[in-house]
Amino acid sequence: MALVAGVAVSSLAVTALPATAATDPGVTSSEIVLGMQLPQSGPASPGYNKVDDAARAYFDYVNSKGGIYGRKVRLEVRDDQYKAGLTVSSASSLINKDKVFAFIGSIGTQTHISVISDINRRGIPDLFVNSGYSGFYTNPKTYPTTFAGLGTYVVESKIVGKYIKDTYPTKKVGILYQTDDFGRNALQGFTTAGLSFEAKKTAVNFIAGTQGSIGLASQLTALKANGVEIVIIAAVASATAIAVATAAQLGYKPDKWVVTSVGADATTFQTILGSKGVTPAVSAGMLAGIISASHAPSPGDTTDEYVAAFKKINDDFNKGPDKRWDNNVLQGMNIAYMATEALFGTGSNLTRKGIISYIENNGSKMSSAALSPLGYSRTSHEAFTAFWIGAYDGATVLKPITGTRVLYTTDSGTGPVTVSNYMRPALPADAIAKGA
Amino acid sequence: MSRTRSYGRKNLIISILFAVLIFILSIKLDPYNLGQLAVALMLFIGVLSIVLLTGASGQISLGQGALMAVGGFAAALAILNLGLSIWVAIILAVIAALLAGLLLGIAAARLSGPYLAGTTLVIALAIPSLATRFESVFGGDVGLNINFGNPPAWLSSLMGSVGYEQWQLLATLPFAVLALLFTSNILNSRTGRSWRALRDNEIASSLNGIDISQTKIFVFVISSGFAGLAGVLYGLRGIVGPSVYPISLSLMLLTGAVLGGIRSILGALIGSILVVFLPDVIDSIMKHFSPSEQVANYLPAMISSLLLILTVVLNPGGIAHGLHRTRRHL
């Protein structure tokens, strides 16, 4: 009977926990609750753990200007350590405990896969996911509430792959990628662009999250042994820093490093190497010459009106432990900027169906800091469909590789890579877009 | 014989009351706490596997999470490749875990103490990583997506609208009740007594005719079946993969068992509820203090660790033992 008594006591304890209203989740007359999942700790967290603070800073700025139709935006964040198992629990917490109206900017392909079906089944808007995995977005019938916050890895890899193929036709190209849909999606893009790789010789991989413990030495040794002259990295930012540092230790000096945009943040690169005793000057030297691509302006380009405005908001409102201005902060701000625009555009009668419909019908006209057009429509939930290619200079700024910034665009299928003439909308005077 | 029957009747009544109480909670709680309670019941089955193995027979295992993974992956493969229903897959998962337990038990029968702990720890690390080694089968580090699906129409027509978390809890409940009934019956049986004899003194129990190796293997098999059952239910929340069954899951089960009372079924229940709901309680308290995200993220684990140390030092029998002692004093 002690067991029954125990259950009864436990029942009382559990029922004493607060119950919450089941209707109109996340929206009241005074507040909109949004949720984000990301690695705030663990090996994949460096750099990405700044995105939530940046987004919150922008929402705090919007709140200081009166909010959205009088509603203040509150961002609830859960750390999933880039582990899918934890993502399941933290999504449940955001949905059922915090009663979020929508998810925004959640980070990670392999983590988001574990919850995307559940989020969609419940009809919760899953806005501007920080994953470029094309499988999330190219068929909205599969995931009708999910919208991208990055260009797809296929689009980016096709554009960069074509550049490598055209520029270095005789060089031996290899790839280091993480073994999840992010890495595989990027690999797909590069091969679609005409590059070919040989497994375990010019194409090596690692389990995401293990880069810190394994050091990637065996992978880089394989590339070195097979005479790879151009190394592509399709992995998270912490892996890029470890790979470049390990290659230096191994005496491996490929002609070029090419890094996908999500793995090429300069601040993260230098921070991780700094923790290993590499001075900023040396790490800047290691970064110099690395080729990458971006849909956004370089965070170091302070002449860009979006960069200047977001940087000031970051200075004034970011309360995070590391508010240093970089790609991650810019991306976090831009996600929040786009979410604010969609929330305004949906109108004061805010509903989940309403915001999804708004983005599908008006998303391609929405503004953002990105230099790329947005691909949102009823038939595609892809975000940025164009990238420009650059190389890091000695001051850790990504500069257009040919001196002039040229935008290239393509699709997530097998379509050709072409030049884009897109011109983004001007930034509103108060840096808050009110809807297309 | 009549005493055994009396125990059996008492255990059945307790199990029915347990089911009724959880069913009432399934109607009363909000979706978040329904989901949490469902997880607590899944872990309860997992902690019971430790109660049987460590509490009753004295064999240490740090690898119950790996056996949960065996159950989870077996079910996922059955559902995704063979198109079986989750209910058939659950049965197959338990059989797979029983077989894994047999293999593990054969090795474990020759080991004891730190050697056994070390071996099971290695297994806890190794089995989930097999998923990344054989990526095309097990889905790599991402894993395989499975879930409880939508509540059946008959249940919705019977109870009205059944939420997803409510369905998770109700689907888990029969298995938890069966696990409870089985555990309480076996611990009160001749078999259970032979396990305890083994735990208390191997030589003495051997002299009394208990086959040490066979008994150890048998306990491992039964315990693994429980872990496999817990594992498949845990995976049915959305995904089966290495990150769902990390080494920390094995340690969490052990923490729950020690905090609640490693030799007690009540302790297993208290421990499971504690490890699931403690972070929520800490979170709700810490919200008043606005700690930094680093502190907030690590505080539940720190407090659990502190409680574990205090339990081992001050009250090794766990909360259930403390309750029992208090009742005797009263």
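The residue count restarts for each chain, going from 1 along the sequence in the order it is written. To label them, take the chains in the order written and letter them from A, then take the ligands in the order written and number them from 1. Since the coordinates come from a predicted model, pLDDT governs what is reported: local features require at least 70, and pairs of side-chain atoms require 80 or more to be given and counted, while whole-chain, interface and lining totals use all residues. With hydrogens and water stripped out, all remaining heavy atoms of the structure feed into the side-chain values.

### Comments concerning the overall build of chain B
Move 1: Each helix is a run of DSSP H or I of at least 4 residues and each strand a run of E of at least 2, with the numbering of both proceeding from the N terminus. Regarding its fold elements, chain B presents 15 helices and two strands.
Move 2: With a 1.4 Å probe rolled over the protein chains alone, any residue whose accessible area is under 20% of its type maximum counts as buried; one over 50% counts as exposed, and the rest are partly exposed. Burial analysis of chain B (330 residues in total) assigns 55% to the buried set.
Move 3: The criterion used for residue contact is that any of the two residues' heavy atoms lie within 4.5 Å. Sequence separation of 24 or more characterises 77% of the internal contacts of chain B that already satisfy a separation of 6 or more.
Move 4: Only the protein chains shown count as cover for residues, with accessible areas throughout obtained via the Shrake-Rupley method and a probe of 1.4 Å. For chain B, the accessible area works out to roughly 14,600 Å², and carbon and sulfur atoms hold 67% of it.
Move 5: The positive charge centre, built from 18 side chains, and the negative charge centre, built from 10, are 20 Å apart in chain B. In summary, the charge assignment counts Lys and Arg as positive and Asp and Glu as negative, without counting His or the chain termini. Note that the charge is assigned to NZ on lysines, CZ on arginines, CG on aspartates and CD on glutamates.

### Details of the nonpolar core
All names here are of chain A.
Move 1: Residues enter a nonpolar core if they are buried and are Ala, Val, Leu, Ile, Met, Phe, Trp, Tyr or Cys, with the set joined through side-chain atoms within 4.5 Å. Leu34, Tyr58, Phe128, Ile164 and Phe310 are the most contacted members of the largest nonpolar core, which has 137 residues in total.
Move 2: In terms of residue count, helix 13 (residues 327-346) provides more of this core than any other element does, 11 residues in total.
Move 3: Setting aside anything within four residues of it in sequence, one finds Phe128 in contact with Gly105, Phe147, Ala148, Gly149, Ile335, Met338, Ala339, Ile359, Met366 and Tyr376.

### Details of the sheet that holds strand 1 (residues 31-38) of chain A
All names here are of chain A.
Move 1: What makes two strands pair is DSSP finding at least two bridges between them. Judged by pairing direction, the sheet is parallel, and its five strands sit side by side in the order 2-1-3-4-5 without closing on themselves. In this open sheet, the two edge strands, each paired with only one partner strand, are strand 2 (72-79) and strand 5 (146-148). Here the strands of the sheet are splayed against their neighbours by 25° on average, with no regard to which way each runs.
Move 2: The pairing of strand 1 with strand 3 (residues 102-104) spans two bridges and is classified as parallel. Axis lines are fitted to C-alpha atoms, over the contacting stretch for helices. Their N-to-C directions set the angle, which ranges from 0 to 180 degrees.

### Quick word on the side chain of Ser15(B)
All names here are of chain B.
Move 1: Structurally, Ser15 can be placed in helix 1 (residues 2-28).
Move 2: Since its relative accessible area comes to 2%, Ser15 is described here as buried.
Move 3: Engagement of the side chain of Ser15 in a polar contact is seen with the backbone oxygen of Asn11, the distance being 2.8 Å.
Move 4: If we skip the residues at most four places from it in the chain, Ser15 touches Val177, Leu180 and Leu181. Whenever a nitrogen or oxygen atom comes within 3.5 Å of another N or O atom, the pair is scored as a polar contact, on the condition that within protein one atom can donate a hydrogen and the other can accept it, and that pairs from neighbouring residues in sequence are kept only if both atoms are in side chains.

### Section: the side chain of Ser41(A)
Move 1: Within the secondary structure layout, Ser41(A) lies in the loop between strand 1 and helix 2 (51-64).
Move 2: Classification of Ser41(A) by relative accessible area gives buried; the value is 6%.
Move 3: Side-chain polar atoms of Ser41(A) contact the side chain of Asp79(A), separated by 2.5 Å.
Move 4: Discounting residues that sit within four places of it in the chain, Ser41(A) has contacts with Asp79(A), Gln81(A) and Tyr298(B).

### As for the domain arrangement of chain A
Residues and elements named next belong to chain A.
Move 1: Where each domain starts and ends follows an automatic or database-derived domain assignment. Each assigned domain of chain A is listed here: domain 1 (24-151 + 300-384) and domain 2 (154-294 + 390-399).
Move 2: The straight-line distance from the C-alpha centre of domain 1 to that of domain 2 is 27 Å.
Move 3: With 21 residues of domain 1 in contact, the opposing surface of domain 2 contributes 22 residues.
Move 4: Throughout, buried area stands for the accessible area (probe radius 1.4 Å) lost by two parts on being put together, summed over both. Buried area between domain 1 and domain 2, summed over both chains or domains, comes out near 1,600 Å², and the portion from carbon and sulfur atoms is 52%.
Move 5: Where domain 1 touches domain 2, the interface holds eight residue pairs in polar contact (both at pLDDT 80 or more).
Move 6: Within the residue set of the side of domain 1 that touches domain 2, elements represented by two or more residues are helix 4 (109-121) and helix 13.
Move 7: Here the side of domain 1 that touches domain 2 takes three residues from helix 4, the largest share from any one element.

### Comments concerning the confidence of the model for chain A
All names here are of chain A.
Move 1: Summary statistics for chain A give a mean pLDDT of 90 and a share of 94% for residues scoring 70 or more.
Move 2: At the low end of the mean pLDDT range in chain A sits helix 1 (residues 2-15), at 46; at the high end sits strand 3, at 98.
Move 3: Below pLDDT 50 for its whole length, residues 6-22 participates in 22 contacts with residues either more than four positions away or in separate chains. One confidence number per residue, pLDDT, is output by the predictor and ranges from 0 to 100.

### Digging into the environment of Ala257(B)
Residues and elements named next belong to chain B.
Move 1: Relative to the elements of secondary structure, Ala257 occurs in helix 12 (residues 247-260).
Move 2: Through-space distance from the C-alpha of Ala257 to that of Gly55 is 8.7 Å; in sequence the pair is 202 residues apart.
Move 3: Look past the residues within four positions of Ala257 in its chain and what remains in contact with it is Val47, Ile50 and Ile262.

### As for the pattern of salt bridges
Residue and element names in this part refer to chain A.
Move 1: Salt bridges are defined as contacts in which a side-chain nitrogen from Lys or Arg sits within 4 Å of a carboxyl oxygen from Asp or Glu. For the coordinates displayed, the defined rule picks out 25 salt bridges over all chains.
Move 2: With its nearest N and O atoms 2.8 Å apart, the salt bridge here joins Arg74 to Glu31. Note that Arg74 is positioned in strand 2 and Glu31 in strand 1, a separation of 43 residues in sequence.
Move 3: When its relative accessible area of 31% is taken as the criterion, Arg74 is described as partly exposed.

### Points about the packing of aromatic side chains
Residue and element names in this part refer to chain A.
Move 1: Planes of paired rings set the category: under 30 degrees apart is stacked, over 60 is edge-to-face and the rest tilted, where pairs are Phe, Tyr or Trp rings (Trp by its six-membered ring) whose centres lie within 6.5 Å. Inspection of the entire model under this criterion finds 22 aromatic pairs over all chains.
Move 2: Look at Tyr58 and Tyr337: their rings are 6.0 Å apart centre to centre, the planes differ by 70°, and that puts the pair in the edge-to-face class. Pair noted here: Tyr58 is in helix 2 and Tyr337 is in helix 13, with a separation of 279 residues, a long-range link. Here Tyr58 and Tyr337 have matching classes, each one buried.
Move 3: Ring centres of Tyr69 and Phe344 lie 5.4 Å apart, and the angle between their planes is 65°; this geometry places the pair in the edge-to-face category. Within this pair, whereas Tyr69 is found in the loop between helix 2 and strand 2, its partner Phe344 is found in helix 13, the two being separated by 275 residues in sequence.

### Describing the pairing of strand 11 (residues 386-392) of chain A
Residues and elements named next belong to chain A.
Move 1: Summarising burial for strand 11: seven of the seven residues are buried, a large majority.
Move 2: Alignment of strand 10 (residues 291-294) against strand 11, held across four bridges, turns out to be antiparallel. Bridge assignment links Ala293 to a residue of strand 11, and that residue is Ile389.
Move 3: Examined bridge by bridge, strand 11 and strand 13 (residues 407-409) share three bridges and lie antiparallel to one another. Its bridge partner being in strand 13, Ala386 is matched across the sheet by Thr409.
Move 4: In the sheet, strand 11 pairs with strand 12 (residues 398-400) via three bridges, with the strands oriented antiparallel.

### Some points on the environment of Phe190(A)
Residue and element names in this part refer to chain A.
Move 1: Here Phe190 shows up in helix 6 (residues 181-192).
Move 2: C-alpha separation for the pair Phe190 and Ile164, spaced 26 residues apart in sequence, amounts to 9.4 Å.
Move 3: Beyond its immediate stretch of four places on either side in the chain, Phe190 contacts Ser157, Val160, Gly161, Ile164, Ile175, Leu195, Phe197, Ile232 and Thr260.

### Quick look at helix 8 (residues 217-225) of chain A
Residues and elements named next belong to chain A.
Move 1: For helix 8, the complete set of buried residues consists of Gln219, Leu220, Ala222 and Leu223. For helix 8, the angular spread of the buried residues around the axis is 155°, confining them to a single face. Opposite the buried face of helix 8, at more than 90 degrees from it, the exposed residues are Ser218 and Ala225.
Move 2: A positive backbone phi angle near 70° is found at Gly227, which sits one or two residues after helix 8. For this quantity, the arc is that covered by the directions from the helix axis to the C-beta atoms.

### Observations concerning the environment of Ile335(A)
Move 1: The residue Ile335(A) is located in helix 13 in this model.
Move 2: Excluding residues that lie within four positions of it along the chain, Ile335(A) makes contacts with Ile104(A), Gly105(A), Phe128(A), Asn130(A) and Gly149(A).

### Points about helix 3 (residues 84-97) of chain A
Residues and elements named next belong to chain A.
Move 1: A helix is expected to span 1.5 Å for every residue after the first. With 14 residues, helix 3 should cover 20 Å at 1.5 Å per step; its first-to-last C-alpha distance of 19 Å lies within 8% of that length.
Move 2: Those residues of helix 3 lying buried are Ala84, Gly85, Thr87, Val88, Ser90, Ala91, Ser92, Ser93, Leu94, Ile95 and Asn96.
Move 3: Looking one or two residues past helix 3, Lys99 carries a phi angle of roughly 55°, positive in sign.

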